[in-house]
Amino acid sequence: MSAIEPVRPRDPRVPVSPQLAVRVALLGGIAMVFFALIFFRLWYLQVLTGEQYVHQADVNHTRDLPIAAPRGEIFDREGRSIVTSKTTNAVQIVPGLLPAGIYEQAAGYQKRLAAAEDARAAAGVRLAEYERSLERVPHPSAAQRAEHRSLERAAAAPRVAVPPLPRSATRLRALFTRLGRVIGLRPRTIDERVVQGMTATPYAHVTVKTDAGTGALTVLGERANEFPGVAQEPVSIRQYPFGELAAQVIGHVDEINGPELKLKAFRGVKAGTVVGQEGLEYYYDGYLRGRPGVQRIEVNAAGEPVASRLAPTLPQAGHSLKLTLDLGLQREAEKAMREGKANAQGQGKPANGGAFVAMDPRDGQILAIGSQPGFDPNRFAKPLTPAEYAALVGTGASAGPLDDKAENGAYPTGSTFKPITAMAALENGVISPGEGLGAGQCITVSTQEFCNAGHADYGPVGLVQALKVSSDTYFFEVGERAFSHGTVIQREAEKLGIGRHTGVDLPSEFGGVVPGPRWRVEQNKLELECEHRRHVSNCGIVLEPERVWSVGDNMHLAVGQGELLTDPLQMAVAYSTLANAYTHGGVGTVVTPHLGMEIDESNGSLRQTLSFPSHKVHLDPEDVNLVMEGIHEAASQPGGTSADVWAGWNQTQDPVFGKTGTAQHYEKEDQSWYMCYIGDPKRPLVLAVTVEQGGFGAETAAPIARLIASQYYHQQLKFVAGSSKTL
Amino acid sequence: MSPLSPITAPDTRAADAAAARGPRSAPFDPLLALAVAGLGVCSVLTLKSATRNLIPGSPDYYVQRQALYLGLGFVAMLALSRLDYSRLRHYMSLVYGALIFSILAVLAIGHSAKGATRAISFPLFSFQASELGKILLVLALAAFMVERARHVSERDTTIRVVLAALIPAMLVIAQPDLGSGLVYMVISYVLLFIAGTSWKQLAAIAALVAVAATFVLVAAPAAGVHVLKPYQSERLTAFLHPSSNPKKVGYQQLESKIAIGAGQKTGRSGAPQTSLNFVPEDQTDFIFAAVGEKYGFLGAGLVLLLFGLLISRTLRILVMSKDLFGSLIAAGIAGMLMFQVFVNVGMTIGIMPITGVTLPLVSYGGSSVITTMLAVGLLQSIYVQARASAALKGRVLRD
């Protein structure tokens, strides 16, 4: 049957059979259904969910590059600048504009990196397995340990070499050679930096040199057409114009690293941002850092930047930080430390390190603080070699220059602890002040002898005299008596501010240890657990884990020896508490030492005054007076341990309350300590000075303290080594 | 609805006179021409944005060439519309022979692009035989069915038509050009459908196709025999789960959807998805993504409306044709256009598999543009002949 019927004559209409009509209508109907489907789908994609696709498209074709914010400056209390940010032109490479070859090389490098990372991950898995299997072996053999070491090496982060430039990239090689001659770098070094930079932050310009010098920059600028792909971009560089000055507390800056990115303090900080790494730079990083701007660039599907540059979001400069530090005093104090150390070294003592704190006892403002040996934080502006870094950090037993000994030192204090023992004994009725104790060169408890330094015999002395001459036998006896009163010394130390965090505005403060019976029990437990876990005969936490807190331990603590561990800052807080109680009828303010004073806007106007909490402790005014009288006599009366150090000092104007200390260490030269309070009614000061392996307190630390005080009170700068050989 | 014109003696002079009178006397179907011209303009505008970064240094390469193809095609369309298509019926064997020969020639001497051998290179252009083959197949099958008009319901006829389409379809699928092969099959099916093949036989063919598709896509690969290239069957099934492997097969479709979605109601200035080449082949198979991104729902809707006009005019011409041959040619062309538009647009919006068919007249490419223009030329010829014949018989044709 035909689809189209024969045409009937005289029919004016188009001849269409019913069957054809139905089928054409069906075809048209199918078309309508499909059109409807497509329209509905388009409506859904473009109108109902379009927003979401706009976002996806943006993610696709734009990349955000950070623009570093200028970091806030740091000033001393007078507004003198201590840390600045200098803007300089860095020499950068724009990979997309270089002659051919660099992308191939970068791809090769990335391939190598990926392979190395895979190998590392696999080694990590094998290492974990091996360690599990070793746990069951109590004494691994040498071969097993060697295997373990080699696995550890394989599982460590690999060093991946940049592959050589492709042979065909002659123009690129010539360019790097030319550039290297101008900025003083080997062509290979430039090449490596470019490839590594491209891998670390794709799309961004790669900085090959930050401090090229004006001459080189001028050459590059004038002959730009000879250096395709070489650009200059202003970058902000952190500068520490005073070098070693207070380097440990100021800290330094560096690009944020992997573990730091996960820290709460750095939430929202993007990789590549420069953040504070230590000290105040770290502690106040949130203020100093500012907010980076964003340069949004457009890329095509291959990830290559497209020429159009969109308007950037400008960075917000960081706030500046005003410190309580007194730049003049700080410089003089560091000079005094060096002089004291040199003097001790002249007498054959190693005197290799030390620390000092100068603090206003009323509110805890730190006027000067330092730790030696020092280092120049400007060194961190360039990458350090692992060896250089290791030298700065130090090795296990001895901390390097990076360590701030003033608040992280962990020392016994020697006799500078005696005023605390005295306060404890008086407050708790262990002794009465007039009672004569400590007669003879030594006292004997059970079978052990406890002697004065140099076997001196001060006869039976009262409290004031005992402090003045620093009688060890007196305080040994106090320690012996206090033992039966429980933990009076420990509690007093804590009350005054020792053995706990002071709350100073620095990141890595040491908590300290005031040893007592409970502490000993805990340490023994730790030691036994460790021995059990590691199958060793001793972990080194406690040598005799069965021993309990003894009267001998208490006697050592009474003279600031034994297992006492604290640092100059905690001692400064304790002496400040005593000084505050002394001047306020027994009400002692325990201050929070601090360095931050104000946060200012980048234009200098005040944004926020920093405040730090303090609390008050109540002491018997008479007891405080006795202790202060003792240490005043020690610093001012003939026969006092540091009286000769302060010879010629105007004691009526600026009375000195000072105590020497000499902490003994096993197989090492003694550690020199000096603590003092200078009772100037308008500008009181607490000084803490210690010199490792510096000898007696009076001969090294005390003269340094005097030099610092002289600077502060405008008295004669004079280094007078004391003659007292007391501990 | 037009009023009936007075009936006069049917003579050619009257017909000529009628053709020369008033707006109805246009030498071709103006609405069809409008749809074609509109789509051509859309093509050029979209290519201008979508291809500006495709060849560094010559942002207008594609635009200029496409304009040239459209111009050439328009001339070819006009020329063809002046011919009487019905004469082509006598060259059936020649046309079919040319179809098979050109496809074999491509397989023998064609040049390869992107893993497929689909075109023969000539000094100034390359010729994609499978595109022109669509028209040749329509003509040959239509002529064959007119010959068998009295036996159209016979199973023998149906089998011969199916075979006649399957041979070239298999040959182009081997190139591999799956899209054109499917177009060939659709053309033959629509021809059978319009010619009046019984529902039973149509249903049987549909069932056979379903069984074959299952075999090719599921059973044979499971048995280790790959009738299609793996990428082809992956593409055919990827649209069912586009995000399962966005980096490979699903990538193109996902990026295409992002581009179209981001166009929102009125389009996105700059059209970054397509102009920065995130959507591969956005000048050819995926040009609708570029339309959707650059001009939004309004622009995409306009293009669809133009296609709606094109297809509705084709169906109208099918009905008004003076003879069965013309109707069947129009039917084949309608099937070709509908399949290509729906499959192409459907794949860019994620509701159809990726099969590599072009969007007629809008996708960049000389073979595709000129083939479509020739098809439109045939439609115009059918229209002109139908009007002339009607005038001759004293009837009035509704447009």
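Residues numbered from 1 in each chain as written. Chains lettered and ligands numbered in written order. Predicted model: local features only at pLDDT ≥ 70, side-chain atom pairs only at ≥ 80, totals over all residues. Heavy atoms only, no water.

1. So, the interface of chain A and chain B
Moving on, step 1. The interface is formed by 45 residues belonging to chain A together with 59 residues belonging to chain B.
Moving on, step 2. Of the roughly 4500 Å² buried between chain A and chain B on both sides combined, carbon and sulfur atoms contribute 72%.
Moving on, step 3. Considering only the surface of chain A that becomes buried against chain B, Arg23(A), Leu27(A) and Gln46(A) emerge as the three largest contributors, covering 17% of it.
Moving on, step 4. Between Asp58(A) and Arg268(B) there is a salt bridge; the shortest N-O distance is 2.7 Å.
Moving on, step 5. If you look at where chain A meets chain B, you find 8 residue pairs in polar contact (both at pLDDT 80 or more).
Moving on, step 6. Secondary-structure elements contributing two or more residues to the side of chain A that touches chain B are α1 (18-48), α2 (50-61) and β8 (293-299) of chain A.
Moving on, step 7. Among the elements that take part in the side of chain A that touches chain B, α1(A) stands out by supplying 19 residues, more than any other.
Moving on, step 8. A per-class count over the side of chain A that touches chain B returns 28 nonpolar, 9 polar and 8 charged. (Contact = heavy atoms within 4.5 Å. Buried area = accessible area lost by both parts, 1.4 Å probe. Salt bridge = Lys/Arg side-chain N within 4 Å of Asp/Glu carboxyl O. Polar contact = N/O pair within 3.5 Å; in protein donor to acceptor, adjacent residues only side chain to side chain. Helix = DSSP H or I, 4+ residues; strand = E, 2+ residues; numbered from the N terminus. Nonpolar A, V, L, I, M, F, W, Y, C, P; charged D, E, K, R; others polar.)

2. Quick notes on helix α2 (residues 30-50) of chain B
Moving on, step 1. In this model α2(B) runs 30 Å from its N-terminal to its C-terminal C-alpha over 21 residues, within 8% of the 30 Å that 1.5 Å per residue would give.
Moving on, step 2. The opening residue of α2(B), the one whose side-chain oxygen lies 3.1 Å from the backbone nitrogen of Leu31(B), is Asp29(B). (Expected span 1.5 Å × (residues − 1).)

3. Description of the sheet that holds strand β11 (residues 353-359) of chain A
Residues and elements named next belong to chain A.
Moving on, step 1. Spatially, 5 strands are ordered β12-β11-β23-β22-β21 in an open sheet, and the strand pairing comes out antiparallel. The sheet terminates laterally at β12 (366-372) and β21 (656-663), the two strands that pair on one side only. Each strand axis lies, on average, 5° off the axis of its neighbour in the sheet, ignoring direction.
Moving on, step 2. Alignment of strand β22 (residues 671-678) against strand β23 (residues 685-692), held across 7 bridges, turns out to be antiparallel. By the bridge assignment for β23, Ser 672 is matched with Val 691.
Moving on, step 3. In this fold helix α23 (residues 701-713) packs onto β11, β12, β22 and β23, with an angle of close to 145° to the strand it touches most, β23. (Pairing = 2+ DSSP bridges. Axes fitted to C-alpha atoms, helices over the stretch in contact; angles between N-to-C directions.)

4. What to know about the state of the cysteines
All names here are of chain A.
Moving on, step 1. Inspection of the entire model under this criterion finds 1 disulfide over all chains.
Moving on, step 2. Two residues share a disulfide in this structure: Cys 442 and Cys 451, whose sulfurs sit 1.9 Å from each other. Its S-S torsion of approximately 105° makes the covalent link between Cys 442 and Cys 451 right-handed. (Disulfide = S-S within 2.5 Å.)

5. With respect to the confidence of the model for chain A
Residues and elements named next belong to chain A.
Moving on, step 1. When the pLDDT values of chain A are averaged, the result is 87; 95% of them are 70 or greater.
Moving on, step 2. Put simply, strand β9 (residues 305-309) is where chain A has its lowest mean pLDDT, 63, and helix α21 (residues 568-583) is where it has its highest, 96.
Moving on, step 3. Confidence drops under pLDDT 50 across residues 7-14; counting only partners more than four residues distant or on other chains, this segment forms 11 contacts. (pLDDT = per-residue confidence, 0-100.)

6. Topic: the packing of helix α4 (residues 92-109) of chain B against helix α5 (residues 129-147) of chain B
Residue and element names in this part refer to chain B.
Moving on, step 1. For the pair α4 and α5, interaxial distance at closest approach is 8 Å and the crossing angle is 150°. Classed by the angle they form, the pair α4 and α5 counts as roughly antiparallel. Relative to α5, the crossing made by α4 is left-handed. Contact residues: α4 offers Met 92, Val 95, Tyr 96, Ala 98, Leu 99, Ser 102, Ile 103 and Val 106, while α5 offers Ala 129, Gly 133, Leu 136, Leu 137, Leu 139, Ala 140, Ala 143, Phe 144 and Glu 147. (Parallel < 35°, antiparallel > 145°, perpendicular 65-115°, else oblique. Left-handed = near helix turned anticlockwise from the far one by under 90°.)

7. Things to note about the nonpolar core
Moving on, step 1. With 118 residues, the main nonpolar core has Ile194(B), Phe288(B) and Ile329(B) as its most contacted residues.
Moving on, step 2. For Phe288(B), the residues in contact, after removing those within four places along its chain, are Leu42(A), Ile260(B), Ala300(B), Val303(B), Leu304(B), Asn344(B), Val345(B), Thr348(B) and Leu359(B).
Moving on, step 3. Residues Leu506(A), Val559(A), Leu619(A) and Val624(A) belong to the second largest nonpolar core, which totals 88 residues. (Core = buried A, V, L, I, M, F, W, Y, C linked by side-chain atoms within 4.5 Å. Buried < 20%, exposed > 50% of the residue type's maximum accessible area, 1.4 Å probe, protein only.)

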